[in-house]
Amino acid sequence: QVQLVESGGGLVQAGGSLRLSCAASGRIFSINDMGWYRQAPGKQRELVAAITSNGRTNYADSVKGRFTISRDNAKNTMYMQMNSLKPEDIGVYYCNAELRRKFYPDWEVIWGQGTQVTVSS
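These numbers were taken from a predicted model, which means no experiment stands behind them.

Basis of the calculations
- Residues numbered from 1 in each chain as written.
- Predicted model: local features only at pLDDT ≥ 70, side-chain atom pairs only at ≥ 80, totals over all residues.
- Heavy atoms only, no water.
- Helix = DSSP H or I, 4+ residues; strand = E, 2+ residues; numbered from the N terminus.
- Rg over C-alpha atoms; globule rule 2.2 N^0.38 Å.
- Buried < 20%, exposed > 50% of the residue type's maximum accessible area, 1.4 Å probe, protein only.
- Contact = heavy atoms within 4.5 Å.
- Areas by Shrake-Rupley, 256 points an atom, 1.4 Å probe, with all protein chains shown as cover.
- Pairing = 2+ DSSP bridges.
- Axes fitted to C-alpha atoms, helices over the stretch in contact; angles between N-to-C directions.
- Core = buried A, V, L, I, M, F, W, Y, C linked by side-chain atoms within 4.5 Å.
- Disulfide = S-S within 2.5 Å.

1. Focus: the overall build of the protein chain
Secondary structure summary: the protein chain contains 0 helices and 11 strands in total. Relative to a compact globule of 121 residues, whose C-alpha radius of gyration would be 14 Å, the protein chain shows 14 Å and is just as compact. Overall, the protein chain is about 50 × 25 × 25 Å in size when its C-alpha atoms are taken along their principal axes. Expressed as a percentage of its 121 residues, the buried residues of the protein chain come to 38%. Long-range contacts, defined here as pairs at least 24 residues apart, represent 56% of the contacts in the protein chain between residues at least 6 apart. Of the accessible surface of the protein chain, which amounts to about 6800 Å², a share of 45% is contributed by carbon and sulfur atoms.

This is how it looks when you write it as structure tokens:
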């Protein structure tokens, strides 16, 4: 089975930095778009940043200039560098990918299990 595994979350002081990683594994044929979502306590899950297979990026207004999304297609891995972190960035960050499994014709959307980001004041 295919899966996405996030890493890099943790506790950081306001103004600090974290780098999240998302590694896709399994019988994967190809990966199209990927993205990072976050869910703060009591709030809906929101898109933070997205990146296409060709490297085109898009960011939520709240993180523009602070976060940078990237990917390494050879490793089926996506990253997000988060700088100048604020308490409002607290939440569980989820990796998302649209992919196709080997020998299977349908595209599917896969989610990771999430990694916690906590920012202290």
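2. Quick word on the sheet that holds strand S3 (residues 18-25)
Read from one edge of the open sheet, 4 strands run S1-S3-S8-S7, paired in antiparallel fashion. Edge positions in the sheet fall to strand S1 (3-7) and strand S7 (67-72), since each has one partner strand and no second. Taken pair by pair, the neighbouring strands of this sheet meet at an average axis angle of 15 degrees, ignoring direction. Bridge analysis of S1 against S3 gives 5 bridges, and the strand direction is antiparallel. Looking at the pairing, Val 5 lines up with Ala 23 of S3.

3. Quick word on the nonpolar core
One finds Met 34, Trp 36, Phe 67, Met 78, Met 80, Met 82 and Tyr 93 to be the most contacted residues of the largest nonpolar core, which totals 30 residues. Elements that contribute at least two residues to this core include exactly S3, strand S4 (28-39), strand S5 (46-51), S7, strand S8 (77-82), strand S9 (91-101) and strand S11 (115-120). If we skip the residues at most four places from it in the chain, Phe 67 touches Arg 38, Val 48, Tyr 59, Met 80, Gln 81, Met 82, Asn 83, Leu 85, Asp 89 and Tyr 93.

4. So, the state of the cysteines
As enumerated under the stated definition, the model contains 1 disulfide in all. Covalently, Cys 22 is tied to Cys 95 through a disulfide, its sulfur atoms 1.8 Å apart. Because the sign of the S-S torsion sets the handedness, a value of about -70 degrees for the bond joining Cys 22 and Cys 95 places this disulfide among the left-handed ones. Note that Cys 22 is positioned in strand S3 and Cys 95 in strand S9, a separation of 73 residues in sequence. Pair check on accessibility: Cys 22 and Cys 95 agree, each one buried.

5. Side note on the pairing of S3
Across 6 bridges, the pairing between S3 and S8 is antiparallel. Within S8, the position partnered with Ala 23 by the bridge is Thr 77.

6. Concerning the environment of Arg 45
Within the secondary structure layout, Arg 45 lies in the loop between S4 and S5. A residue is classified by how much of its surface remains accessible, and Arg 45, at 35% relative accessible area, is partly exposed. Those residues in contact with Arg 45 that sit more than four places away from it in its chain are Tyr 37, Arg 38, Gln 39, Tyr 94 and Trp 111.

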